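Chain and residue survey
The primary structure of each chain is shown beneath.
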Amino acid sequence: MEENFCIAAFASRLQVMAFEEALRSRGMKASIVTTPRAVSLGCGLSVRFEEKDTPRVKALYQALGMGNLIGFYRVLRDAAGRATVRPL
């Protein structure tokens, strides 16, 4: 089964947890996931969110003035489980 989603990768686990909570508290679907290997920097965890929420996610990140962001990425996982990661 193919799967498409987006992630926000951070260098700090504390930032990952804070951003995930900020998204959820504003009604967006978010979860903490392992960062794909293609994004080799960071703490190993990222915040997963739905692609349709990208404008709101980016706006919230800007409004909160959080640091330690490595980047926003689109993850495309094919039926075999292989992930392709591209910057948003």
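The text that follows walks through the structure, step by step, so that each part is easy to find. (Residues numbered from 1 in each chain as written. Predicted model: local features only at pLDDT ≥ 70, side-chain atom pairs only at ≥ 80, totals over all residues. Heavy atoms only, no water.)

Comments concerning a nonpolar patch on the surface
- Nonpolar side chains collect at one region of the surface, where Leu14, Met17 and Ile32 lie side by side and expose about 300 Å² of accessible area between them.
- Here Met17 is to be found in helix α1 (residues 13-25).
- The exposure class of Met17 is partly exposed, given its relative accessible area of 45%. (Patch = residues over 30% accessible without salt bridge, like charges linked within 9 Å, V, L, I, M, F, W, Y side chains within 5 Å. Areas by Shrake-Rupley, 256 points an atom, 1.4 Å probe, with all protein chains shown as cover. Salt bridge = Lys/Arg side-chain N within 4 Å of Asp/Glu carboxyl O. Helix = DSSP H or I, 4+ residues; strand = E, 2+ residues; numbered from the N terminus. Buried < 20%, exposed > 50% of the residue type's maximum accessible area, 1.4 Å probe, protein only.)

Quick look at the environment of Gln15
- Mapped onto the secondary structure, Gln15 falls in helix α1.
- Residues Gln15 and Ser46, 31 residues apart in the sequence, show an inter-C-alpha distance of 9.3 Å.
- Beyond its immediate chain neighbours, meaning those up to four positions away, Gln15 contacts Phe10, Met66, Gly67 and Asn68. (Contact = heavy atoms within 4.5 Å.)

Brief notes about unusual backbone geometry
- A positive phi angle is found at Asn68, which is not glycine, with a value near 65°.
- Within the fold, Asn68 resides in the loop between α2 (54-64) and β4 (69-77).

Overview of the pairing of strand β1 (residues 3-10)
- Among the 8 residues that make up β1, 6 are buried, leaving the element largely enclosed by the rest of the structure.
- Across 8 bridges, the pairing between β1 and β4 is antiparallel. In the sheet register, Ala8 faces β4, and the bridge partner there is Phe72.
- Relative to strand β3 (residues 45-49), β1 is paired through 4 bridges, and the arrangement is antiparallel. By the bridge assignment, Ile7 is partnered in β3 with Arg48. (Pairing = 2+ DSSP bridges.)

Observations regarding the packing of α1 against α2
- Two elements in contact, α1 and α2, have axes whose closest approach is 11 Å; the angle formed by their N-to-C orientations is 120°. Put simply, α1 runs oblique to α2. Crossing of α1 over α2 shows right-handed handedness. Each of Phe19, Ala22 and Leu23 in α1 lies in contact with α2, whose residues at this interface are Val57, Leu60, Tyr61 and Leu64. (Axes fitted to C-alpha atoms, helices over the stretch in contact; angles between N-to-C directions. Parallel < 35°, antiparallel > 145°, perpendicular 65-115°, else oblique. Left-handed = near helix turned anticlockwise from the far one by under 90°.)

Here we look at the nonpolar core
- In terms of nonpolar packing, the biggest core is built from 17 residues, with Phe19, Leu23 and Val47 touching the most fellow members.
- Mapped by element, the contributors of at least two residues to this core are β1, α1, β3 and α2.
- No other element matches α1, which puts 4 residues into this core.
- Setting aside residues no more than four positions away along its own chain, Leu23 makes contact with Met28, Ala30, Val47, Phe49, Val57 and Leu60.
- Of all hydrophobic cores here, the second largest spans 8 residues; its members include Ala9, Val39, Tyr73 and Val75. (Core = buried A, V, L, I, M, F, W, Y, C linked by side-chain atoms within 4.5 Å.)

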